[in-house]
Amino acid sequence: MYGLAGTDSATPAGKRLYAASQYLNDIVAGSNGACGGGRICTAVRGYDGPSGMGTPNGTGAF
């Protein structure tokens, strides 16, 4: 995705994702198995374990 976006390495990848979260589809439902709940196993609004920051919506976040 970073290659398709044509970005350089001046901005760290994590910082770029948080700054451009409007270009990510936030996953707010579902789980990653049965490990007791919480953000590490269950999708919630914002960052979570199963989907991280979400799925790409184009290359704007990269």
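Our structure is the block above this text.
This text gives an overview of the structure that appears in the document.

## Describing the overall build of the protein
Move 1: Assigned secondary structure in the protein consists of two helices and two strands.
Move 2: The dimensions of the protein, computed from C-alpha atoms along their principal axes, are 40 × 20 × 15 Å.
Move 3: Taking all contacts inside the protein whose residues are at least 6 apart in sequence as the whole, residues at least 24 apart take part in 49%.
Move 4: Per element, the accessible surface of the protein, about 4000 Å² overall, is 55% carbon and sulfur.

## Remarks on the side chain of arginine 16
Move 1: Mapped onto the fold, arginine 16 is located in helix H2 (residues 13-19).
Move 2: Note on arginine 16: relative accessible area 13%, which makes it buried.
Move 3: Once you skip the residues sitting within four places of it in the chain, arginine 16 turns out to touch Tyr2, Thr7, Asp8, Thr11, Ala61 and Phe62.

## Remarks on the environment of alanine 5
Move 1: Summarising the element assignment, alanine 5 is placed in helix H1 (residues 2-5).
Move 2: For alanine 5, a relative accessible area of 27% translates into the label partly exposed.
Move 3: Taking C-alpha positions, alanine 5 is 5.3 Å from threonine 59, a pair spaced 54 residues apart along the chain.
Move 4: Dropping the residues within four chain positions of it, alanine 5 is found in contact with Thr59 and Phe62.

## Observations regarding the nonpolar core
Move 1: Leu17, Ala20, Leu24, Met53, Ala61 and Phe62 together form the largest nonpolar core, which totals six residues.
Move 2: Not counting residues within four places of it along the chain, the set of residues in contact with leucine 24 comprises Leu17, Met53, Thr55, Pro56, Asn57 and Ala61.

## Thoughts on the environment of glycine 6
Move 1: Among the secondary structure elements, glycine 6 is positioned in the loop between H1 and H2.
Move 2: Judged by relative accessible area, glycine 6 falls into the exposed class, the value being 63%.
Move 3: A C-alpha to C-alpha distance of 8.3 Å links glycine 6 and phenylalanine 62, two positions 56 residues apart in sequence.

Each value, and the rule that gives it
Each chain carries its own residue numbering, running from 1 in the written order of its sequence. Thresholds applied to this predicted model are a pLDDT of at least 70 for local features of residues and 80 or more for the giving and counting of side-chain atom pairs; totals over whole chains, interfaces and linings are not thresholded and use all residues. Side-chain descriptors were evaluated using all non-hydrogen atoms of the structure, hydrogens and water having been removed beforehand. Under the scheme used here, helices are H or I runs from DSSP no shorter than 4 residues and strands are E runs no shorter than 2 residues, and both carry numbers assigned from the N terminus. Contacts are assigned to residue pairs that have any heavy atoms within 4.5 Å of one another. Only the protein chains shown count as covering a residue, and every accessible area follows the Shrake-Rupley method with a 1.4 Å probe. Think of it in three bands: residues with accessible area under 20% of the maximum for their type are buried, residues over 50% are exposed, and the middle band is partly exposed, with areas taken using a 1.4 Å probe on protein chains only. Joining through side-chain atoms within 4.5 Å is the link that ties buried Ala, Val, Leu, Ile, Met, Phe, Trp, Tyr and Cys residues into a set, and such a set is a nonpolar core.

Function-wise, these values are silent; they only describe arrangement.
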